[in-house]
Amino acid sequence: MQLLLLNGPNLNLLGQREPGLYGHQTLDVIEQQLKERAAAAGVRLDSYQSNFEGALVERVHQAMGTVNGILINAGAFTHTSIALRDALLGVAIPYVELHLSNTQARESFRHQSYLADRAVGVVSGFGPFSYDLALDGLLNYLRQVEA
Ligand code: DQA
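Described below are features of the structure shown in this document. (Residues numbered from 1 in each chain as written. Predicted model: local features only at pLDDT ≥ 70, side-chain atom pairs only at ≥ 80, totals over all residues. Heavy atoms only, no water.)

Focus on the site of the ligand
In plain terms, the rule: Throughout this document, a residue counts as near a molecule or strand when at least one of its heavy atoms sits within 4 Å of that molecule or strand. Between N or O atoms, a polar contact is any pair within 3.5 Å; within protein, one atom must be a potential hydrogen donor and the other a potential acceptor, and residues adjacent in sequence are included only when both atoms are from side chains. Values of accessible area rely on a 1.4 Å probe in the Shrake-Rupley scheme; residue burial ignores everything except the protein chains shown. Put simply, Ala, Val, Leu, Ile, Met, Phe, Trp, Tyr, Cys and Pro go in the nonpolar bin, Asp, Glu, Lys and Arg in the charged bin, and everything else, Gly too, in the polar bin.
All residues in the neighbourhood of the ligand are listed as R17, Y22, N73, G75, A76, H79, H99, L100, S101, T103, R106 and R110. The separation between an oxygen atom of the ligand and a polar side-chain atom of R17 is 3.0 Å. At a separation of 2.9 Å, an oxygen atom of the ligand approaches a polar side-chain atom of R110. In isolation the ligand has 330 Å² of accessible area, and contact with the protein removes 99% of it. Here the residues of the shell around the ligand are counted per class, giving three nonpolar, six polar and three charged.

Let's talk about the packing of helix α2 (residues 27-40) against helix α5 (residues 129-146)
What counts here: In this analysis, axes come from line fits to C-alpha atoms, helices being fitted only over the stretch in contact, and the angle between any two N-to-C directions falls in the range 0 to 180 degrees. The helix count covers DSSP runs of H or I at least four residues long, the strand count covers runs of E at least two residues long, and both are numbered beginning at the N terminus. Between 65 and 115 degrees an angle is taken as roughly perpendicular, under 35 as roughly parallel, over 145 as roughly antiparallel, and anywhere else as oblique. Take the far helix as the reference: if the near one is turned anticlockwise from it by less than a right angle, the crossing is left-handed, and if turned clockwise, right-handed. Every residue pair with non-hydrogen atoms within 4.5 Å of one another is taken to be in contact.
For the pair α2 and α5, the least separation of the axes is 10 Å and the interaxial angle reads 30°. Accordingly, the angle class assigned to the pair α2 and α5 is roughly parallel. Considering only the axes of α2 and α5, their crossing is right-handed. Residue-level contacts link L27, I30, L34, R37 and A38 of α2 to Y131, D132, L135 and D136 of α5. Residues that form the contact of α2 with α5 fall into these classes: six nonpolar, no polar and three charged.

Shown next as structure tokens:
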């Protein structure tokens, strides 16, 4: 099984960026630990981060035919990007939306998600542990679908 972790704008700054909200862990560490967790479950996980909407759209397109599931923290594009939504629906790969912070407990413009209604599920508010929960949720979903 092959999974893809996507991170959107400003998530490359994790560790330095608003640590009160997003914690002290860097994206490199989060990605590495998630790859290990995936490997322990017998799954390959690739990761990609970009600050550019079109680059994320392109990476979603590339996943078509090879990737079984996507974990996505689209950052601010969650709340703005119809293009990313269309890309995810276009390739028809199941995805889980995730966030470090609890977006529902923040500004009202973060309550809107262009991805959530078509996601397998949404994980939000557990800091870096959101990534682990999202991985477990996606694996559980994919294994049920396969069975
Ligand atoms: C975020 C929440 C978004 O609203 C914000 O724009 C981010 C990070 C999170 O992980 O909590 O960049 O996706």
